[in-house]
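Residues per chain are reported as follows:
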Amino acid sequence: MKASIIRKFGDTDVLEYTTIDTPKPASDEVLIKILATGVNRLDHYLREGKMMPNIPFPHILGSDAVGEILEIGVDVNNFEIGERVIPVPGYPMKKEEENINPMTLASSYGIIGAANHGTYAEYIKVPAKFVIKDTTNLSPELIATLPMVAVTGVRAVKEVGEVKKGDKVVVLAGASGTGSFNIQIAKALGAEVLSTTTSDTNIDFIKNLGADVVINSKKEDLISSVQKWTNGKGADVVIDNLGGKFLNQSIELLKPKGILVSMGFVDSPNVSFDVRSLFFKQISIKGSIMGTKEDLEFAIELVKQGKIKPLLDTTLPLSDANKAHDILVNGKVKGNIVLIP
Ligand SMILES: NC(=O)c1ccc[n+]([C@@H]2O[C@H](COP(=O)([O-])OP(=O)(O)OC[C@H]3O[C@@H](n4cnc5c(N)ncnc54)[C@H](OP(=O)(O)O)[C@@H]3O)[C@@H](O)[C@H]2O)c1
């Protein structure tokens, strides 16, 4: 099959479009003919060798895909040849951990394209247990933008943040890959959302995602803006993908017994805060990582109801995976770049 592979870590030119063996599905797996695959920032970090320096080469990047069932393992009985499907972008790699709930807690949990060969290819084999049916009727280009950001958002906002109708939710960095879905999911759950950016050029983009209030945090004080927005009560939930010095501020934004979801570290992975800010207000700080098959199914339902918009930036042929990474590294990508095998 054709695939875009890396044989070493490095700049975007290490992505090589070539021919390699087509995978053979095991008895519990399906072989999927990939119709479109999404490019995530994770792929760029992996390609550079900044994460998982022990990946065996050659390696295929890519976590997001939509495709059609081409072959079915002998023990699989819930799929048909030609059916449109979406692999869950991560799952436990050890069979004995398949039923751990949530599956992201399994010690062998891995992301497709990081823990094993990914989706920058014509075909991929995936355990049937971690494949869902694509019932959206949307184009492959649009669906391929969704899996990773959608499962991450559903887990962080709905499951970990426990966001519900009427909540006032602060979503940091609303124009970011994660933030743009955190906003959409919080709105779909019936919450009111205040979001932030450091650039005026992102304000309309964030408002179009459904945010009720957008603050340029370089020009306006976030703490007083949230106090005003919540009539002095504080936010019910803060979804923090920035970490570092922002986490301190996120604690201050919360109402008593509020929930802070920590899910990223754009500023820094290291934080420092006064523990009294936690226990006086009795707030919870909870971590969230990726998401489950059920989270993906929930996201796809929201897509079908028109409550989540897939965010497609650019479509390129798979042979141009290196160009896609160039755009990601150098450009202002809003949403995902998609590659077509
Ligand atoms: N927990 C999980 O499962 C999970 C999944 C995916 C990603 N992540 C993590 O989440 C974080 C965000 O990833 P992403 O892909 O969404 O990021 P991204 O698309 O690269 O966007 C990051 C955004 O952060 C804002 N920003 C950058 N520097 C800033 C600063 N100094 N102060 C305030 N805002 C700043 C910028 O928005 P403006 O220009 O609008 O200000 C920028 O667009 C990363 O740490 C990533 O590793 C976690």
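Residues numbered from 1 in each chain as written. Predicted model: local features only at pLDDT ≥ 70, side-chain atom pairs only at ≥ 80, totals over all residues.

Enquirer: Give a description of the overall build of the chain that names residues and reports values.
Expert: For the chain, the count of helices and strands is ten helices and 18 strands. In terms of C-alpha radius of gyration, the chain reaches 20 Å, essentially the compact-globule figure of 20 Å for 341 residues. For the C-alpha atoms alone, the extent of the chain along its principal axes is close to 60 × 40 × 35 Å. The proportion of buried residues among the 341 residues of the chain is 48%. (Helix = DSSP H or I, 4+ residues; strand = E, 2+ residues; numbered from the N terminus. Rg over C-alpha atoms; globule rule 2.2 N^0.38 Å. Buried ≥ 20, exposed ≤ 12 C-beta atoms within 10 Å, placed from the backbone.)

Enquirer: A description of the sheet that holds strand 13 (residues 213–216) should follow, citing residues and the corresponding values.
Expert: Read across the sheet, six strands follow the order 13-12-11-14-15-16 without closing on themselves; strand pairing throughout is parallel. Here the strands that pair on one side only, and so sit at the sheet edges, are strand 13 and strand 16 (284–287). Across this sheet, the average inter-strand angle for adjacent strands is 20°, counted without regard to direction. (Pairing = 2+ DSSP bridges. Axes fitted to C-alpha atoms, helices over the stretch in contact; angles between N-to-C directions.)

Enquirer: Describe the site of the ligand, listing the residues and the values that go with them.
Expert: Residues in contact with the ligand amount to 22 residues; listed here are only the nearest, Ser-176, Thr-178, Thr-197, Thr-198 and Gly-264. With three residues, the single largest contributor to the shell around the ligand is helix 4 (residues 177–188). Grouping the amino acids of the shell around the ligand by side-chain chemistry returns eight nonpolar, twelve polar and two charged. (Near = placed C-beta within 6 Å. Nonpolar A, V, L, I, M, F, W, Y, C, P; charged D, E, K, R; others polar.)

Enquirer: A description of the domain arrangement of the chain should follow, citing residues and the corresponding values.
Expert: The domains assigned to the chain are domain 1 (2–146 + 310–340) and domain 2 (150–287). Placing the centre of domain 1 and that of domain 2 at their C-alpha centroids yields a distance of 29 Å. Between domain 1 and domain 2, the contact holds five residues from the first and six residues from the second. Residues belonging to the side of domain 1 that touches domain 2 are distributed by class as follows: three nonpolar, no polar and two charged. (Domains from an automatic or database assignment. Contact = placed C-beta atoms within 7 Å.)

Enquirer: With reference to specific residues and values, describe the sheet that holds strand 2 (residues 16–19).
Expert: Read across the open sheet, the three strands follow the order 2-1-4; overall the sheet is antiparallel. Lying at the two open borders of the sheet, with one neighbouring strand each, are strand 2 and strand 4 (59–60). Where strand 1 (residues 2–6) and strand 4 come together, two bridges link them in antiparallel fashion. For Ile-6, the partnering residue across the bridge sits in strand 4 and is His-59.

Enquirer: Residue-level account of helix 3 (residues 147–160), with values.
Expert: For helix 3, spanning 14 residues, the distance from its first C-alpha to its last is 18 Å, which sits close to the expected 20 Å at 1.5 Å a residue. Just downstream of helix 3, Glu-162 is the residue with a positive phi angle, here 55°. (Expected span 1.5 Å × (residues − 1).)

Enquirer: Describe in detail the packing of helix 3 against helix 4, supporting the description with residues and values.
Expert: Two elements in contact, helix 3 and helix 4, have axes separated by 8 Å at closest approach and are oriented at 55°. Taken together, the axes of helix 3 and helix 4 are oblique relative to one another. The element helix 3 and its partner helix 4 pack so that their crossing is right-handed. Contact residues: helix 3 offers Val-149, Ala-150, Thr-152, Gly-153, Val-154, Ala-156, Val-157 and Lys-158, while helix 4 offers Gly-177, Thr-178, Phe-181, Asn-182, Ile-185 and Ala-186. (Parallel < 35°, antiparallel > 145°, perpendicular 65-115°, else oblique. Left-handed = near helix turned anticlockwise from the far one by under 90°.)

Enquirer: Go over unusual backbone geometry with me, naming the residues and quoting the values.
Expert: Cis peptide bonds are those with omega within 30 degrees of zero, and the linkage from Phe-57 to Pro-58 qualifies with -5°. Relative to the helices and strands, Pro-58 resides in the loop between helix 1 (41–48) and strand 4. With omega at -5°, the peptide bond leading from Asn-101 into Pro-102 counts as cis. Within the secondary structure layout, Pro-102 lies in the loop between strand 7 (90–92) and strand 8 (109–111). Positive phi is not limited to glycine here, since Met-52 has a value of about 50°. Non-glycine residue Gln-282 carries a positive phi angle of around 55°.

Enquirer: Give me the lowdown on the environment of Asp-267, citing residues and values where you can.
Expert: Mapped onto the elements, Asp-267 comes out in the loop between strand 15 (254–262) and helix 8 (276–279). Put simply, Asp-267 and Lys-307 are 40 residues apart on the chain and 30 Å apart in space, counted from C-alpha to C-alpha. Look past the residues within four positions of Asp-267 in its chain and what remains in contact with it is Leu-242, Gly-243, Gly-244, Lys-245 and Phe-246.

Enquirer: How would you explain the environment of Asn-202 if you had to name every residue and give the values?
Expert: When you line up the elements, Asn-202 lands in the loop between strand 12 (192–197) and helix 5 (203–208). Sequence separation of Asn-202 and Gly-177 is 25 residues, and the distance between their C-alpha atoms is 13 Å.

Enquirer: Now, about the packing of helix 1 against helix 10 (residues 321–330): what can you tell me, with residues and values included?
Expert: Two numbers describe a pair of packed helices, the interaxial angle and the distance between the axes. At a minimum axis distance of 10 Å, the contact between helix 1 and helix 10 shows a crossing angle of 105°. Considering their axes alone, helix 1 and helix 10 lie roughly perpendicular with respect to each other. When helix 1 is examined against helix 10, the residues Arg-41, His-44 and Arg-47 are found in contact with a partner set consisting of His-325, Leu-328 and Val-329.

Enquirer: Please provide a residue-by-residue account of helix 4, values included.
Expert: Its twelve residues place the ends of helix 4 17 Å apart at the C-alpha level, agreeing with the 16 Å of an ideal helix rising 1.5 Å per residue. Listing the buried residues of helix 4 in full gives Gly-177, Thr-178, Gly-179, Ser-180, Phe-181, Asn-182, Ile-183, Gln-184, Ile-185, Ala-186, Lys-187 and Ala-188. Phi turns positive, to about 95°, at Gly-190, one or two residues after helix 4.

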